[in-house]
Protein chains: 2
Amino acid sequence: MELHGRSMFGGGPSSLPAEGDGFRAINPTTGESLDPVFHDASPREIDEALNLAEAATDHLGADRERRARLLEHIASALEGLGDALVDRATQETGLPAGRINMERGRTCGQLRLFAKVIREGSYLDARIDRALPDREPIPKPDIRQMHIPLGPVAVFGASNFPLAFSVAGGDTASALAAGCPVVAKAHPAHPGTCEMVGRAITDSLAACDLPAGAFALMHGAGHAVGTGLVRHPKTCAVAFTGSFAGGNALMLESHKRSPIPFYAEMGSVNPVVILPGAAAERGGAIATGLQQAVCLGVGQFCTNPGVVFAVDDDATKVFVDKLSDLLAEAPDATMLHAGIRTSYVAGQRRLRALDGVGHVGRDPDEGGAGNADATPALFTCDADTFREHPELRDEVFGPSTLVVRCTSVAEIEQLVGSFLSGQLTATVHGTGDELGDAGHLVGLLRNVSGRVIVNGFPTGVEVCPSMHHGGPFPAASDSRSTSVGTAAIRRFLRPACYQGFPQTLLPDELKDGNPCQMLRLVDGEWSRE
Amino acid sequence: MELHGRSMFGGGPSSLPAEGDGFRAINPTTGESLDPVFHDASPREIDEALNLAEAATDHLGADRERRARLLEHIASALEGLGDALVDRATQETGLPAGRINMERGRTCGQLRLFAKVIREGSYLDARIDRALPDREPIPKPDIRQMHIPLGPVAVFGASNFPLAFSVAGGDTASALAAGCPVVAKAHPAHPGTCEMVGRAITDSLAACDLPAGAFALMHGAGHAVGTGLVRHPKTCAVAFTGSFAGGNALMLESHKRSPIPFYAEMGSVNPVVILPGAAAERGGAIATGLQQAVCLGVGQFCTNPGVVFAVDDDATKVFVDKLSDLLAEAPDATMLHAGIRTSYVAGQRRLRALDGVGHVGRDPDEGGAGNADATPALFTCDADTFREHPELRDEVFGPSTLVVRCTSVAEIEQLVGSFLSGQLTATVHGTGDELGDAGHLVGLLRNVSGRVIVNGFPTGVEVCPSMHHGGPFPAASDSRSTSVGTAAIRRFLRPACYQGFPQTLLPDELKDGNPCQMLRLVDGEWSRE
């Protein structure tokens, strides 16, 4: 596949004149620029994409079975791209082929899961209250409700998952599943991967006889394209995965327009609490698991465990020594791009400069040929230091973590309750007896996070109905929403109510006799009848 | 009951020094001031109320059965206030006793309905995916999810429903049902009614052995108290019912703080389309129904039908004549306060000044003893005039409506599709044959509104599971939410996910064996087992 480097809408690359000098992807392992040149979408291209998207909304939203087939077709098309997709993605991200292949599997699995969700139909939350014509003092009309698509969604993919959280990732899959056209902002760190995936989506729309306007891909290396997408009056929702700085900036842009649902998943420090009994019983195993979680994907996961609270006793000393040995042995590895490495090194420097913060392990090495290689690191401090320095609560994106030595479990609870902002995840390690008494601590962890993990690690986000990937601000902009799991489809729907409708005018999902065989709330009772 | 006129928190009236001169309620029928003087809440009172509310969150959220009993107790307490509540509410609002009694019935019914919703439990959307320890390449952990309360909610009641959309109205009922403490802003037009209802809630919390901090009532005649509530860092969500100006101002305030769910229901013009066959077949009956809907509650409903589209034929002429006769015969009636009448008269004057807009009926009479009486009015124009003047799409709050004469149904569709912003409701009247062909029109109406009504009138909002009272902006600030009906509880919840939990640490709702006998999604299947 020869890449054209242009934004796409209406079923193919833009034929409008390319503006500006453009930009290229860079291989972070070698520092080499990759062909072709990509061009930022112009305001006119953004406008055309959104006009087409709006025009496609009713058609895309009308037929659930066709959308299910579309998602399955996209999954097959991504698989059909074979090694070409893996090659391009590894070149653009520095991630190994095995990881990209696994991520493609997850991406395709996600698309197929949403196909099932659409067919099953309970996500529509169909409700029927039948008329009571004889009710006194006034008759009750027939009232029915289901959810309908919001309209065009602007999707901003992340750099750290070039497939699963990018152009055909969870946001696009759930938006298309909901019946919403997608205008995706290509991530400038992997624009070629974005184009290949975007073309797979465009081809799938054509194959499924769905309007080409239901998908567009906008390239952009600067902020203007993202701002343009958020501000466009026909954008009906935004889904973003990435840094706090990026997500927050787009959220503030969204405040300048009529209100729309704005979903940004922005990462967190994902606190881990190790209770003393667990440290004594299996501190070594926890250290091993933690080191793996910290270094997985070169630490470039929003669920990376960035702060560990433990009681300062002998077992914790052994645990810290083990963790520090493991991190010292962990090799340097290539981050997604040189800019991320620069931020990582700056973050480490910031921590090392703080009084009371200890740094364990080797100094950062040179960044390698692409100036993108990162050295794992461990920091330690006591509870007072953690209280004094709000910087210690900020995410350092990369393979490092901070162990906070506390005097007691009560002090850990105080830090969790008063010194943590919203988190995607929170983890507790304890023995059976400790967990039996940990209700208060677990309640505190639950109050600040979207997912609480017992005796595990936060990396590894299952795609399933019960997964919640989100949390209180600033982990996410909207704590009511998840960006992983089947409930993600809800973000792109709103209720519509039908009063006094004749059967023929009702959508099939709300007709008498339940022709779609869906779970519905009929006169207050859940039923498939 | 002697009214004390003070803001309430911690189970009783504030004991902090009252600031400022205070304000009084005014009887709009007579213009007389009513005792006592009410005092604006001070920043310190707001702060104490929200600190107590936050501290009460875990306790209130812990026990569904106790919350159900609380809601039922509040309903009984409101009934127990007997005629004293009706007397005060009629004096403060000018609404007749029969209406207030009916509204109390609705308010108590709403509270008891939410008690049922809590007990039934499906609103928690409990989900369980059991572990697959043998899964390859990595085991799947046990993951469970349910919804938990957001935390303290600031509730802003409306003037036009002093009970059903005020201190113990739908927002408070659904927030308490969700497990969220409520800090209610008393409406300055009916502060005595607010105090009586607030005391009923406070007494009910004590009777149910729930923390006093779970409810507070803040008085305020100006903007400062509302702004203070929205900006307070411990406020976790806002629910507002009222004017666009008020709701929008508070929404902009909310943008200055960390993001929280903000729900404002702000009214709309509620378009009504009369298809030609229906006009010919039963134009007179439609005119009668429309006049009643326009004048109900002196037109002070957010679902008041403010714009009517009809084809300019003989039947429509007869319909307009009939409607104009009926509105001319309708007596003046007292609005909620003199300020609303001033806005209503100004709105009428604005329309009458526009070229192409005809005014039918008598000139506004004097405002009566309280300067709050309103004269019903009918305006007419053609489609071109409607297109030219965006003011014609703005709500005129009061007993008036505008009939837009169009050349064809296609022109009506064009106006609906391109010249209407978001609406709470949209209505179509048609014969059976016409409705059979009305799919496109109904789709357009659905796209701009939250509820579409066939052959009925938008006033009269049923409280039931399938009701949706909301809509695209500017009808509401968040089109995903409803302020009426059982789904309103969802506004105040967020998902929480539990991974790898031992049974003893799980909430009962997520335990094996389904001890709460709730509908849950277990391994992808809905089940009560």
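Residues numbered from 1 in each chain as written. Chains lettered and ligands numbered in written order. Predicted model: local features only at pLDDT ≥ 70, side-chain atom pairs only at ≥ 80, totals over all residues.

Some words on the overall build of chain A
- For chain A, the helix and strand inventory stands at 15 helices and 21 strands.
- Against the globule reference of 24 Å for 529 residues, chain A gives a C-alpha radius of gyration of 25 Å, in line with a compact fold.
- Seen through its principal axes, chain A has C-alpha atoms that stretch 75 × 65 × 40 Å.
- By the burial criterion, 59% of the 529 residues in chain A qualify as buried.
- Considering only intrachain contacts with a sequence separation of at least 6, the fraction spanning at least 24 residues in chain A is 75%. (Helix = DSSP H or I, 4+ residues; strand = E, 2+ residues; numbered from the N terminus. Rg over C-alpha atoms; globule rule 2.2 N^0.38 Å. Buried ≥ 20, exposed ≤ 12 C-beta atoms within 10 Å, placed from the backbone. Contact = placed C-beta atoms within 7 Å.)

Points about the sheet that holds strand β13 (residues 358–360) of chain B
- The strand order across the open sheet built from twelve strands is β21(A)-β20(A)-β3(A)-β4(A)-β19(A)-β18(B)-β17(B)-β10(B)-β11(B)-β16(B)-β15(B)-β13(B), with neighbouring strands paired in mixed fashion. The strands lining the two open edges of the sheet, one partner per strand, are β21 (525–527) of chain A together with β13 of chain B. Strand-to-strand, the axes of this sheet are offset by a mean angle of 20 degrees, without reference to chain direction.
- Against the sheet, helix α9 (residues 276–295) of chain B contacts β10 (272–274), β11 (307–311), β16 (400–406) and β17 (423–429) of chain B, and its axis sits at roughly 150 degrees relative to β10 of chain B. (Pairing = 2+ DSSP bridges. Axes fitted to C-alpha atoms, helices over the stretch in contact; angles between N-to-C directions.)

Quick look at helix α3 (residues 82–93) of chain B
Residue and element names in this part refer to chain B.
- With twelve residues, α3 should cover 16 Å at 1.5 Å per step; its first-to-last C-alpha distance of 17 Å lies within 8% of that length.
- All of the buried residues along α3 are L85, V86, R88, A89, T90, Q91, E92 and T93.
- On its buried face, α3 sits against α2 (64–80), α4 (97–120) and α6 (191–207).
- One or two positions beyond α3, positive phi appears at G94, with a value near 75 degrees. (Expected span 1.5 Å × (residues − 1).)

Structural notes on the packing of α9 of chain B against helix α10 (residues 314–329) of chain B
All names here are of chain B.
- Across the interface, α9 lies against α10 with an axial gap of 9 Å and an inter-helix angle of 10 degrees. Put simply, α9 runs roughly parallel to α10. Residues P276, A279, A280, G283, G284, I286, A287, T288, L290 and Q291 of α9 form the contact with α10, whose participating residues are A315, T316, V318, F319, K322, L323, L326 and L327.
- Across the contact of α9 with α10, the residue classes tally to twelve nonpolar, five polar and one charged. (Parallel < 35°, antiparallel > 145°, perpendicular 65-115°, else oblique. Nonpolar A, V, L, I, M, F, W, Y, C, P; charged D, E, K, R; others polar.)

Examining the relation of the copies chain B and chain A
- Its rotation angle being 180 degrees, the transformation that places chain B on chain A also includes 0.0 Å of axial translation and leaves an RMSD of 0.0 Å. On the angle and the small slide along the axis, the relation comes out as a two-fold axis. Proximity to the rotation axis, assessed at the C-alpha, singles out H255 of chain B in chain B; its C-alpha lies 3.4 Å from the axis.
- Mapped onto chain A, 100% of the interface residues of chain B are again interface residues, and the two copies thus contact each other with one and the same surface. (Least-squares fit on C-alpha atoms with pLDDT ≥ 70 in both.)

Considerations on the sheet that holds strand β16 (residues 400–406) of chain A
- Pairing is mixed in the open sheet, where twelve strands are placed in the order β13(A)-β15(A)-β16(A)-β11(A)-β10(A)-β17(A)-β18(A)-β19(B)-β4(B)-β3(B)-β20(B)-β21(B). Both edges of this open sheet fall to β13 (358–360) of chain A together with β21 (525–527) of chain B, since each of them pairs with a single strand only. Adjacent strand axes in the sheet meet at a mean angle of 20 degrees when their direction is disregarded.
- Bridge count between β13 of chain A and strand β15 (residues 377–382) of chain A: three bridges; the pairing is antiparallel. Bridge assignment links G358 of chain A to a residue of β15 of chain A, and that residue is T380 of chain A.
- Across the sheet, helix α10 (residues 314–329) of chain A touches β10 (272–274), β11 (307–311), β13, β15 and β16 of chain A, and the angle it forms with β15 of chain A is around 155 degrees.

Regarding the nonpolar core
- By size, the foremost hydrophobic cluster in this structure holds 345 residues, and its most contacted members are L71 of chain A together with L71 and M218 of chain B.
- Dropping the residues within four chain positions of it, L71 of chain A is found in contact with L111, R112, F114, A115, A173, L176 and A177 of chain A. (Core = buried A, V, L, I, M, F, W, Y, C linked by C-beta atoms within 7 Å.)

Some remarks on the interface of chain B and chain A
- Chain B puts 57 residues into the contact, and the matching count from chain A is 57 residues.
- Those elements that provide at least two residues to the side of chain B that touches chain A are β3 (127–129), β4 (143–149), α14 (432–436), α15 (439–448), β18 (449–454) and β19 (493–499) of chain B.
- In terms of residue count, β19 of chain B provides more of the side of chain B that touches chain A than any other element does, six residues in total.
- When grouped by side-chain class, the residues that make up the side of chain B that touches chain A number 27 nonpolar, 19 polar and eleven charged.
- As judged from the three bridges shared by strand β19 (residues 493–499) of chain A and β18 of chain B, these two strands associate in the parallel manner.

Digging into helix α7 (residues 224–231) of chain B
- Among the residues of α7 of chain B, those classed as buried are V225, G226, G228, L229 and V230 of chain B.
- Close packing links the buried residues of α7 of chain B with α1 (43–62), β5 (153–156), β6 (182–185), β7 (215–218), β8 (237–241) and α8 (244–254) of chain B.

Some details on the pairing of strand β9 (residues 262–265) of chain B
All names here are of chain B.
- Alternating residues of β9 divide into F262 and A264 and Y263 and E265, and every residue in both groups is buried.
- Two elements, β8 and β9, share four bridges in a ladder whose sense is parallel. Its bridge partner lying in β9, A239 is registered against Y263.

Regarding unusual backbone geometry
Residues and elements named next belong to chain B.
- The step from E136 to P137 runs through a cis peptide bond, and the omega angle for that step is 0 degrees.
- Here P137 shows up in the loop between β3 and β4.
- Cis geometry marks the peptide bond from F473 to P474, where omega comes out at 5 degrees.
- Secondary-structure assignment places P474 in the loop between β18 and β19.

Considering the packing of α2 of chain B against α4 of chain B
All names here are of chain B.
- Remark: α2 packs on α4, axes separated minimally by 8 Å, with the N-to-C direction vectors making an angle of 170 degrees. By the criterion of interaxial angle, the relationship of α2 to α4 is roughly antiparallel. Only R104, T107, C108, L111, R112, F114, A115, I118 and R119 of α4 make contact with α2, whose side of the interface consists of R64, E65, R67, A68, L71, E72, I74, A75, L78 and E79.
- Here the residues of the contact of α2 with α4 sort into ten nonpolar, one polar and eight charged.

Comments concerning the confidence of the model for chain A
- Taken as a whole, chain A shows an average pLDDT of 97; of its residues, 100% reach a score of 70 or greater.
- If you check the scores for this complex, the pTM reads 0.98 and the ipTM reads 0.97. (pLDDT = per-residue confidence, 0-100.)

Quick word on the environment of R88 of chain B
- Among the secondary structure elements, R88 of chain B is positioned in helix α3.
- Contact partners of R88 of chain B, with chain neighbours within four places excluded, come to G192, T193 and M196 of chain B.

Section: the environment of G151 of chain B
Residue and element names in this part refer to chain B.
- On the secondary structure map, G151 appears in the loop between β4 and β5.
- In this structure G151 comes out as buried when scored by C-beta crowding, with 25 C-beta atoms within 10 Å.
- Remark: the alpha-carbon pair of G151 and G432, spanning 281 residues in sequence, is separated by 49 Å.
- Other than its neighbours up to four places away in sequence, G151 contacts E54, T57, C180 and C236.

Considerations on the pairing of strand β7 (residues 215–218) of chain A
All names here are of chain A.
- The alternating pattern of β7 places F215 and L217 on one face and A216 and M218 on the opposite face, and all of these are buried.
- Direction of pairing for strand β6 (residues 182–185) relative to β7: parallel, over a ladder of four bridges. Its bridge partner being in β7, A184 is matched across the sheet by L217.
- A crossover links β6 with its parallel partner β7, the connecting element being helix α6 (residues 191–207), and its sense is right-handed. (Right-handed = clockwise from strand over helix to strand, strands pointing away.)

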